[in-house]
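Structural overview
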Amino acid sequence: MFSTHPRQPPMQDKYTPAAVEVAAQQHWESTQAFKVAEDAGKPKYYCLSMFPYPSGKLHMGHVRNYTIGDVLARYHRMRGFNVLQPMGWDAFGMPAENAAIQNNVPPAKWTCANIDYMKTQLKRLGFAIDWSRELATCKPDYYRWEQWLFTRLYQKGLIYKKLGTVNWDPVDETVLANEQVIDGRGWRSGAVIEKREIPMYYMKITAYADELLEALDALPGWPEQVKLMQKNWIGRSEGVEVHFPYEVSTIGSSGVLKVFTTRADTLLGATYVAVAAEHPLALQAAANDPELAAFIDECRHGGVAEADLATMEKKGMATGLRVVHPLTGEHLPVWIANYVLMGYGEGAVMAVPAHDERDFAFATKYRLPIRMVVRSTRDAYTDTVAPWQDAYAEQGRLVNSGKYDSLHFQDAVDAIATDLAAKGLGAKRTQYRLRDWGISRQRYWGCPIPMIHCADCGDVPVPDEQLPVVLPEDVAVTGRGSPLAKMPRFYECDCPKCGKQAKRETDTMDTFVESSWYFLRYASADNGQAMVDERVNYWAPVDQYIGGIEHAILHLLYSRFFTRAMRDEGLVDVSEPFTNLLTQGMVVAETYYRDADGGKKQWINPADVEVERDEKGRIVAAKLTADGAPVVIGGIEKMAKSKNNGVDPQALVDQYGADTARLFIIFAAPPDQQLEWSDSGVEGAYRFLRRVWSFGHVFVSELRPQLPADRQLDAVRLPEALAAVRREIHVCLRQANYDFGKHQFNTVVSAAMKILNALEKAPREVGAAHAQVAEEGLDILLRLLAPITPHVAHALWQDCGFAGDLLHASWPEPSETALRQDEIDLVLQVNGKLRGTLRVAAGASNSAIEALALGSEAAQKFMEGKPPRKVVVVPGRLVNIVV
RNA sequence: GCCGGGGUGGUGAAAUCGGUAUACACAGCGGACUUAAAAUCCGCCGCCUUCGGGCUUACGGGUUCAAGUCCCGUCCCCGGCACCA
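Remember, predicted model here, so these are calculated numbers, not experimental data. (Residues numbered from 1 in each chain as written. Chains lettered and ligands numbered in written order. Predicted model: local features only at pLDDT ≥ 70, side-chain atom pairs only at ≥ 80, totals over all residues. Heavy atoms only, no water.)

If you tally the helices and strands in chain A, you get 27 helices and 37 strands. The buried share among the 883 residues of chain A stands at 52%. Across chain A, the fraction of contacts at a sequence separation of at least 24, relative to all contacts at a separation of at least 6, is 71%. If you sum the accessible surface of chain A, you get close to 40300 Å²; carbon and sulfur atoms cover 50% of it. One way to put it: in chain A the 96 positive side-chain charges average out to a point 2 Å from where the 110 negative ones average out. (Helix = DSSP H or I, 4+ residues; strand = E, 2+ residues; numbered from the N terminus. Buried < 20%, exposed > 50% of the residue type's maximum accessible area, 1.4 Å probe, protein only. Contact = heavy atoms within 4.5 Å. Areas by Shrake-Rupley, 256 points an atom, 1.4 Å probe, with all protein chains shown as cover. Lys, Arg positive; Asp, Glu negative; His and termini not counted. Charge placed at Lys NZ, Arg CZ, Asp CG, Glu CD.)

So, on to helix H7 (residues 224-234). Taken as a whole, H7 has its buried residues at Val226, Lys227, Gln230 and Ile234. Projected down its long axis, H7 carries its buried residues within an arc of 100 degrees, all on one side. In this structure, the buried residues of H7 make contact with helix H6 (209-214), helix H17 (554-568) and strand E27 (578-584). Positive phi shows up at Gly235, right after H7, with a value of about 55 degrees. (Arc of directions from axis to C-beta.)

This part covers the pattern of salt bridges. All told, the structure shown has 44 salt bridges when counted by the stated rule. Between Asp459 and Lys161 there is a salt bridge, and its shortest N-O distance comes to 3.1 Å. With a gap of 298 residues between them, Asp459 in strand E22 (residues 458-461) and Lys161 in strand E5 (residues 159-169) connect regions that are remote in the sequence. Two residues, Asp627 and Arg594, come together in a salt bridge whose shortest N-O distance is 3.1 Å. With Asp627 in the loop between strand E31 (619-624) and strand E32 (630-638) and Arg594 in strand E28 (residues 587-595), this residue pair connects regions lying 33 residues apart in the sequence. On the basis of relative accessibility, which here comes to 45%, the residue Asp627 falls in the partly exposed class. Each member of the salt-bridge network shares a partner with another, and the members are Glu211, Arg560, Arg564, Arg567, Asp568 and Glu576. (Salt bridge = Lys/Arg side-chain N within 4 Å of Asp/Glu carboxyl O.)

This part covers the sheet that holds strand E14 (residues 331-337). Hydrogen bonds between backbone atoms are what pair the strands of a sheet, whose relative direction is either parallel or antiparallel. Spatially, the four strands line up as an open sheet ordered E13-E14-E12-E15, and their pairing is mixed. Unpaired on one side and paired on the other, strand E13 (316-324) and strand E15 (348-351) mark the two borders of the sheet. On average, each strand axis in the sheet is inclined to that of its neighbour by 30 degrees, with strand direction left out of account. Looking at chain direction, E13 and E14 are connected through six bridges and run antiparallel. (Pairing = 2+ DSSP bridges. Axes fitted to C-alpha atoms, helices over the stretch in contact; angles between N-to-C directions.)

Turning our attention to the packing of aromatic side chains. Under the defined criterion, the tally for this structure stands at 37 aromatic pairs. Judged by centre distance (4.8 Å) and plane angle (65 degrees), the rings of Phe519 and Phe578 are edge-to-face. Of the two residues, Phe519 is situated in helix H15 (residues 518-521) and Phe578 in strand E27; the sequence distance between them amounts to 59 residues. Just as Phe519 is buried, Phe578 falls in that class too. With 4.0 Å between their ring centres and 15 degrees between their planes, Tyr545 and Phe578 make a pair best called stacked. (Phe/Tyr/Trp six-rings, centres within 6.5 Å; stacked < 30°, edge-to-face > 60°.)

What follows deals with the protein's contact with RNA strand B. Near RNA strand B, the surroundings consist of 74 residues, among which Asn178, Arg443, Ala668, Gln735 and Asn757 are the closest. Among the atoms of RNA strand B close to the protein, meaning within 4 Å, 66% are from sugar or phosphate groups. A distance of 2.5 Å separates a sugar or linking oxygen of RNA strand B from a polar backbone atom of Asn178. A distance of 2.6 Å separates a phosphate oxygen of RNA strand B from a polar side-chain atom of Arg441. The leading source of residues in the surface near RNA strand B is helix H22 (residues 745-761), at six residues. Classifying every residue of the surface near RNA strand B gives 28 nonpolar, 22 polar and 24 charged. (Near = heavy atom within 4 Å. Polar contact = N/O pair within 3.5 Å; in protein donor to acceptor, adjacent residues only side chain to side chain. Nonpolar A, V, L, I, M, F, W, Y, C, P; charged D, E, K, R; others polar.)

Turning next to the pairing of strand E35 (residues 833-841). Note that strand E34 (residues 823-830) and E35 share eight bridges and pair antiparallel. From the neighbouring strand, Ile824 faces E35, where its bridge partner is Val840. Hairpin connection, E34 to E35: the antiparallel pair is bridged by two residues, and Asn831 has positive phi, about 55 degrees.

Strand order in the open sheet formed by four strands is E2-E1-E26-E27, and the pairing between neighbours is parallel. The sheet is open, and its two borders are formed by strand E2 (82-84) and E27, each paired with just one other strand. Along the sheet, successive strands turn relative to each other by an average axial angle of 20 degrees, direction set aside. Bridging between strand E1 (residues 44-49) and strand E26 (residues 542-548) involves three bridges; their strand directions are parallel. In the sheet register, Cys47 faces E26, and the bridge partner there is Gln544. Its contacts with the sheet put helix H2 (residues 60-78) on E1, E2, E26 and E27, and the angle it makes with E1 is roughly 175 degrees.

A few words on the side chain of Gln544. Tracing the backbone through its elements, the reader meets Gln544 in strand E26. Overall, Gln544 belongs to the buried group, its relative accessible area being 3%. Those residues in contact with Gln544 that sit more than four places away from it in its chain are Tyr45, Tyr46, Cys47, Leu48, Leu72, Asn580, Leu581, Leu582 and His743.

With that settled, consider the state of the cysteines. Put plainly, two cysteines are in a disulfide when a covalent bond ties their sulfur atoms together. Overall, the coordinates contain zero disulfides when judged by the stated rule. Looking at Cys495, it has no disulfide partner, and the nearest cysteine sulfur is the one in Cys454, 3.6 Å off. The class for Cys495 is buried, based on a relative accessible area of 3%. This cysteine, Cys498, is not joined by any disulfide, and Cys454 carries the nearest cysteine sulfur, 3.7 Å off. (Disulfide = S-S within 2.5 Å.)

Attention shifts here to unusual backbone geometry. Of the consecutive residues Leu467 and Pro468, the connecting peptide bond is found in the cis state with omega at 0 degrees. Structurally, Pro468 is set in the loop between E22 and helix H14 (488-491). Omega for the peptide link from Ala540 to Pro541 comes to 0 degrees, which places this bond in the cis form. Positioned with a positive phi, Asn831 is a non-glycine residue whose angle comes to about 55 degrees. By secondary structure assignment, the location of Asn831 is in the loop between E34 and E35.

Once that is clear, we can look at the confidence of the model for chain A. With 96% of its residues at a pLDDT of 70 or more, chain A shows a mean pLDDT of 90. With a pTM of 0.93, the predicted complex shows an ipTM of 0.96. (pLDDT = per-residue confidence, 0-100.)

Shown next as structure tokens:
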């Protein structure tokens, strides 16, 4: 109160992020800096971050995603590219319906309000976005083209209808998403979920399975891990389809049970077959067997998620039916097993307990025979087969297989397939794990499927002139049933073919459909006459796509499929939508909680907690600031509402500004790793920007006036101390450019910090030369920081008197003159251990270095008089003397 | 269960083609400035040590003159599994 601030700097020396950022953003806004059009004179760079679901407000994961994208966009602009960075909203989806149920607000209204707010947040963060291309998938001018394409693909046969299995909540009489099924029960009703078969539309993604697989090899810009996951997901496997003829005496009719196997070599080891609970043979057997019927009923309980099916207890029951082994003629029992699924392959598998772990466990449990037919190279089998060993599943030479004995895997498969084909009981076949994409959803807040069901004409696509089928927006959502199915004014219509009264489809599409083509729509977002136009072939493909690793399979695979489907419709030239892919890691933070009633945990926000540290700085305890009583440290978790460990980006921006938020996010971890939140790390980022700011203004007031007229630094002979500072700056720049190339932005920030450290420590007494080095260093520093902290860089660029708009400045390159060194230090090792350093001339020969090393004091000492056995010289790095 | 990824100081992390492990920060400790505090600046900071040095990249082996990096095995953590987006 009474104090003055005698050393308080002049006004412009104080870093005030809010003022700096508003000014920079106004400048970009008034110059329309980020609005782009096609330009044949420049290479184009289409930089795209995955568009957000408008959930309410931005979370830290969004800020990270869009900061990474913005860094790349601004960097490429300075590299001379014509950069497009658009933004939009993935606006259909379940959360809007849940909010509608909870707060009694229509999904459309809720969604639009969220979009408005989140857009202001994105603008405040200073992203270089071309907002003129903004789109929202819930708007008819977007989804009408999705409906239009649907009718095209339907007429082409690429979309078809069949039964699919869903989670049915018998109490709420509604279909649930997998995440709404918890331990086999509905999340709201608590009712036991049943599997139910309903008619659904499917996109024939399997028609592109081979192309989607093969083309992965031509995507060098994608992370190997993502390509591998997609490859495994598509799951191409070469195998044999085997037909087991029905035993007529038990089944009562002739026919064959089809199974697919990749291990046809083990066919002679098959001791039973298993079918899904919904399989026709299962239903037939259950018809007059109440016990079997009860078991099938039990199999219907629980959800459809694969992770649940794979981890549940394997159960089965014999049907009393038999099939005939196609090669031996042996009669094998047919079992119903809960782990066999009707939707996968043929809904039936052959079981070889001796060589398949799951079959082994099943056979052991139900005392079914186990017959060894493969002797692996490790000769793992003894006379007793239990317990299971992984080696049992290995390929090897056949035994106990009659004429196939001693054949190895591939020869055995070939011979068996040939014999099966001769008998008409099987053949080689390629199978995919990938299944067709079921896109029907029994939900309200989605894109209506443009189909009309007519009693006479069947399923009829909505004609072009009747599109879009507009989703009514003034709707009450209750969570019971589907609102559209209860809305005659929506579903009552006339058949487009015969004109009779018909019924409109009331299912909507999977929201993955909207996100499978939005990146193409951005190129021609203003076109009201067509889905895309010729501009798409200027911008597509996306040069750099950035988003969470959690989308590695579904979203990215659907987008690759959709791009091809649109290509084959003549809408776009390219096949691959995303040339380069950067998968960003999660944002995580510490959690704290207290035990509450009923074994529940009461999660406490980290902002309300104080931590205690020991003398090493380790956190040893934590307490709630409000009451001073201890809380439990819950470990590091993904930022989430449920764990109350989220940090609100808005509060961060309000307190420190957008540049500090961006700098911390970029510096704390490389983009593809998880990012651990740290309030003190944010402080550190802010401190750095303040130092940059004050150095800039020291330059303006003290150094710039000393600059000589001739500014050719490369021609100047600098004092050694200053030459070292300049070399350090250029070494850091070289490092930063290398790191930018591999998207390791955290070390670009390190390099910027090192440059500032070097500038601050530069010897001041050398006057004009110092001012010159400082000017060059500051020039480099501001351009390096321009993509990361664009506002502060923009302001300092102006204040320090550098020419032009920093947005259009060129990217800096290190000077060879500045990097030149006459002598270098090598590491001296004896027997691989560090024993000293060796100063040598930069161009010294290996033999000269070797001689110098052997003669050195350190080498003499640690060689202990023994003769060198070998001397390894790594030029520019080290010398290793082996004795 | 299946597929993919990760594990380096007290903490976030760095180490480019197998070549000085711990750059750059954060936290902590000590000092300067201040009536005091904040801010700022300077210094120290992997572990052990008989002060010669020895040890250290989740754990156990292996290859190599040399391994955080390559190979084999184990443990733990995370992402995805088709209706969350």
